[in-house]
Every structure is written in C-alpha cells, then in structure tokens.
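Spelled out, the chains give:
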Amino acid sequence: MAKNEVLSRITKRNPNQPEFIQSVEEVYDSVKPVLDKHSIYRDLKIFERMTEPERLISFRVNWVDDNNEIQVNRGYRVQMNSSLGPFKGGLRFHPSVNYSILKFLAFEQTFKNALTGMPLGSGKGGSDFNPKGKSKDEIMRFCQAFMNELFRHLGQFTDIPAGDIGVGGREIGYLFGQYKKLQNEFTGVITGKNVKWGGSWVRIEATGFGLIYFACNMLGEKNDSLKGKRCLVSGAGNVAQHAIEKIIEMGGTPVTASDSSGFIYDEEGIDEKKLKVIMDIKNKRRGRIKEYIDEFPNAEYHETSKNDDYNELWNIPADCAFPCATQNEINDKDVKNLIDNKIQLIAEGANMPVTSEGQELLRGSGVMYAPGKASNAGGVAVSSIEMTQNRMGESWTREKVNKQLMKIMNTIHKDCLEAAKEYNIKDSIYLDGANIAGFIRVGDAMVEQGIV
Ligand SMILES: NC(=O)c1ccc[n+]([C@@H]2O[C@H](COP(=O)([O-])OP(=O)(O)OC[C@H]3O[C@@H](n4cnc5c(N)ncnc54)[C@H](O)[C@@H]3O)[C@@H](O)[C@H]2O)c1
Ligand SMILES: N[C@@H](CCC(=O)O)C(=O)O
C-alpha cells in the first residue's frame, strides 16, 4: 500500500492533531523499509493498529482554589498499547495538554518502552491544569481530584503512570496518597515515588543520566568523549537538571539552561555549585530561571519572544546540544544555526523537541542525532526497575540501579545501530534505527497475540 494511503487514512481519522500526526509520520518514514520487506506487518495492519489507542479516557476534574472558587479542568489517560506489558507512561500537567499532545507522547512511548527491553506497554495522561503560580494546597487538592477518577483505570498490572512536565516528586506523592486511600492498598501503581516510601534510587536522575550515558556511547563510536565539550541544555526541570549534573561529572561544560520565559547563558560554565542554585530556584522557590543572574551576574539572561522565528539559545557555538524542555522547541532555523556553528551531536532529553523540517535538515548533515525515544528512555527504564522492586518487596542500592541503567542505555544504543545496519540506513542512523528496533519488538508481539 502506498505511503499516502496509510498516512492519509490516519490523518483523516485524527483531525486537528498536528503533534500526533507529526510523530506518526516520523515513525512511518523510518519503518517503511520494514513494511516493504515483511508483508505480515502490512497484512495485519500493524502500523495502523499501533496508531489507534486501545482506550482513551477523558474526565472532568473539579477542585476548589484558595479563594474558595470552583475550578474545572479536563483529565485524560491514553492507554496506547499493551502488547509488551501494562500501559506505562507519565502524566503531564500543562495548559497545552490535549488529545494531540497526549497521543503523540503515548505513541512515542510505545517505541521507547519497547527499546528498554522491559515488559512495558505504553500510555500517557495528564490535564490542562496549569501548576504555575498555584499554592501547595491547590496542587494537592488538584492531584486528589484528578486521582478521584483516574484511580479506577490504574493497577500495578494494568496501568502505571509516572511524572512528566509539571508532575514531579511532590505531585507523585499527592497522587499516590489519594490512590492508596481510595483503593485501600499500597502497591507500586505509580513510579517516581520517594525512595523512603516505595520509590527507587536513581529514578529522579534517570532520564538526564541516561541521556548523557547514551550521548557518551554515540561519541564513543568516534573514539571521542564528553570531556572538554561545551554543551547547550534547554529546560531547567527534572531532565535538564540531571543532564547538567552528568555532563559535569563526565568532564563536559554545560553553558545554558532555560524555562518558558527565557534562557541563561553562562560562558564560564555551570558547575556543581551553580547547578545547586538552579535546583533551588526550580525545585524549592519554584521561581524563574532569570533569578540565576542575581547570583551569577557574569551570566547573561535572554528573554524568549514568541515573535522570534528562531531561539538564540541554539545559536550559541557549542559541541553538543541537549534539548530537555518540550516538543518542537528546535525548528529548521535553529537546526541551521546549530549546523552552521558546527555542532557535533544532538541528543534529545525532551520528547520530539525537533520539528519535522529540522529533522529533515539533520538527515545527511553529519551531525550525530539521537531521537528522544532512544536517548531519554532511561527514565521509564528505571520506572520499570521501580516496578520490579515494588512487586518483589525489595529495595535495591543506588549503585545497582545506576549500573542497570547504564547497561540498558548501552543496549539501546547497540540495538539502534544494529537495526540501522540491517536495513542499510546510512543517514540518521539513530532516528531510523530506534524507530525500526522499537517497531519490530512491538509489531512482533502484536502479530503473535492475534487480532485483539
Ligand atoms: N521526567 C521524565 O522522566 C521524562 C522522561 C523522558 C522524557 N521526558 C520529557 O522531557 C521534557 C522535560 O520534562 P521534565 O520531566 O523535565 O519536566 P519539568 O516540568 O520538570 O521541566 C520542564 C522544563 O521545561 C521548561 N519548559 C516548558 N515549556 C517550555 C518552553 N515552551 N520553552 C522553554 N522551556 C520550557 C519548563 O520551564 C521546565 O523548566 C518533556 O518533553 C518530557 O516529556 C521526561
Ligand atoms: N514521562 C516519562 C517517564 C515515563 C515513566 O516513567 O513511566 C517519559 O516520557 O518517558
């Protein structure tokens, strides 16, 4: 069947969902040679079935703010694919959340979770609730109201959420507390829990650490390392903070961090002490990244303007770039700037941070480029390790989990290269390799499990 027939049917079935269609088109382009070679995937409509969530849940979330006013938000859970295990994926609280965003994230999660090699299905959920400026009590009341409905769809063998944008350790605590009260059981139904009550060591750091382990593997292919490399990082949340931490540990120099208002550029480099300040601003004060220059006046702050057609952050000369904020934060102009400035490597901490046009420019550019579904898979991999510990009633050491994370990232790297080699992919080997390896793992399970 021609590419356009499959994609146009999927596009027609999902109107006004640009992010979802973007993620579907990216994977289709990569896996086309697999579909061409193996008729079983075409005959059983494996690709089309992968794009249709097994279940879509949408619900009302009523809660009362500090002014005693009733607020109404929308809650969602996309239960995407359970071929490899129970539905698994994070929750995002952000005003932009809608079906398009959550379906793209859930679709990405299908391949990412498969790449980890762990028994994980895929899902994603969240709400259009905006945590910015909310009091701690409001956050707690919202999380409780959200869980009042979501709990009936969860279970340690059914669906296990975790964090994502706007959902960190504090929110996971409130969500888990309410689940436990409603269900009257203490099970590993959410990951990212505090290590003091059922969480795993290294889960907080896992996505950022895993990203840098993956990048080190990529550089290792060229007998190179992160040592002495200047690194651009976007975001200042969970993924960005721990990516910065690991870059420093590996001898690199992170020079930027950002939030939705702007970015800081510290030419002298962000060291451990400065990273602690970023963590304090974001995790304790819940402030803005521009507060960084109050403490380090040698650094620059640049406001982001919605009217700019490129982001000055990606125009700073550097060796490596780690987008760790959000989807489509790097467009084609940004990619052009990165290439003109001779960037060597781009590895995604965020999900789908490079636009389709940007990806097109990266193909054949010589820049090593890793898609998030491979390079940011460390978070969900350690979530799976947390689930294992919960089911076994065990608590592994920090060293054991970190070692396991490193091993998983090495294996994902190897699997991407092997898949690319098998299909004779020369450009964008990580992008196509990740999509192909993930597709085959999920696709084969779907074939074997019949038409369900
Ligand atoms: N948390 C995880 O384990 C995990 C795992 C894999 C991928 N991801 C992805 O990583 C990205 C970041 O997630 P996180 O968990 O760090 O979330 P977070 O809420 O901890 O941090 C998000 C950061 O991005 C910034 N941001 C949001 N929108 C922005 C914008 N438009 N421009 C610039 N900055 C913006 C926020 O200010 C914040 O600093 C997301 O794409 C998420 O899907 C997260
Ligand atoms: N939201 C994260 C983590 C998912 C999880 O741990 O379940 C991701 O995009 O992979």
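Small disclaimer: the values here were computed from a predicted structure and weren't measured.

1. As for helix α2 (residues 18-37)
The terminal C-alpha atoms of α2 lie 29 Å apart, and with 20 residues this matches the ideal 28 Å at 1.5 Å per residue to within 8%. Residue Val31 marks the point of greatest curvature in α2, where the axis turns by about 50°; the proline Pro33 follows within four residues.

2. Remarks on the UniProt feature "site: Important for catalysis" (unreviewed entry) in the protein chain
UniProt tags Asp164 as "site: Important for catalysis" (unreviewed entry). Looking at the element boundaries, Asp164 is found in the loop between β5 (159-162) and α7 (169-183).

3. Re the packing of helix α8 (residues 203-220) against helix α15 (residues 378-392)
In contact at an axis separation of 7 Å, α8 and α15 are set at 145° when each is read in the N-to-C sense. Where α8 crosses over α15, the two elements pack in a sense that is right-handed. Where α8 abuts α15, its residues Arg203, Ala206 and Thr207 lie against Gly378, Gly379, Val380, Val382, Ser383 and Glu386. Taken together, the residues of the contact of α8 with α15 sort by class into three nonpolar, four polar and two charged.

4. Let's talk about the pattern of salt bridges
Overall, the coordinates contain 27 salt bridges when judged by the stated rule. Among the salt bridges present, the one from Lys246 reaches Glu249, with a minimum N-O distance of 3.0 Å. On the criterion of helical spacing, the pair formed by Lys246 and Glu249 is a turn pair, its members being three residues apart in helix α9 (residues 238-249). Note on Glu249: relative accessible area 53%, which makes it exposed. Here Arg288 and Asp259 are joined by a salt bridge, their closest N and O atoms 3.5 Å apart. Taken together, the positions of Arg288 in the loop between α10 (272-285) and α11 (292-295) and Asp259 in the loop between β8 (256-258) and β9 (262-265) put the pair 29 residues apart, joining distant regions of the chain. Overall, the relative accessible area of 24% leaves Arg288 in the partly exposed class. Residues participating in the shared-partner salt-bridge network are Asp280, Arg285, Glu291 and Glu295.

5. What to know about the environment of Gln79
Among the structural elements, Gln79 can be located in strand β2 (residues 70-81). Residue classification places Gln79 among the buried positions, given a relative accessible area of 1%. Residues Gln79 and Leu7, spaced 72 residues apart in sequence, show a C-alpha to C-alpha distance of 21 Å. Beyond its immediate chain neighbours, meaning those up to four positions away, Gln79 contacts Pro53, Glu54, Arg55, Ile57, Phe87, Ser122, His153 and Asp159. In this structure the side chain of Gln79 is engaged in a polar contact, spanning 2.8 Å, whose partner is the side chain of Asp159.

Definitions and cut-offs
- Residues numbered from 1 in each chain as written.
- Chains lettered and ligands numbered in written order.
- Predicted model: local features only at pLDDT ≥ 70, side-chain atom pairs only at ≥ 80, totals over all residues.
- Heavy atoms only, no water.
- Helix = DSSP H or I, 4+ residues; strand = E, 2+ residues; numbered from the N terminus.
- Expected span 1.5 Å × (residues − 1).
- Bend = angle between axes of the 7 residues up to and from the residue.
- UniProt positions renumbered as here; feature names shortened; annotations may be inferred.
- Axes fitted to C-alpha atoms, helices over the stretch in contact; angles between N-to-C directions.
- Left-handed = near helix turned anticlockwise from the far one by under 90°.
- Contact = heavy atoms within 4.5 Å.
- Nonpolar A, V, L, I, M, F, W, Y, C, P; charged D, E, K, R; others polar.
- Salt bridge = Lys/Arg side-chain N within 4 Å of Asp/Glu carboxyl O.
- Buried < 20%, exposed > 50% of the residue type's maximum accessible area, 1.4 Å probe, protein only.
- Polar contact = N/O pair within 3.5 Å; in protein donor to acceptor, adjacent residues only side chain to side chain.

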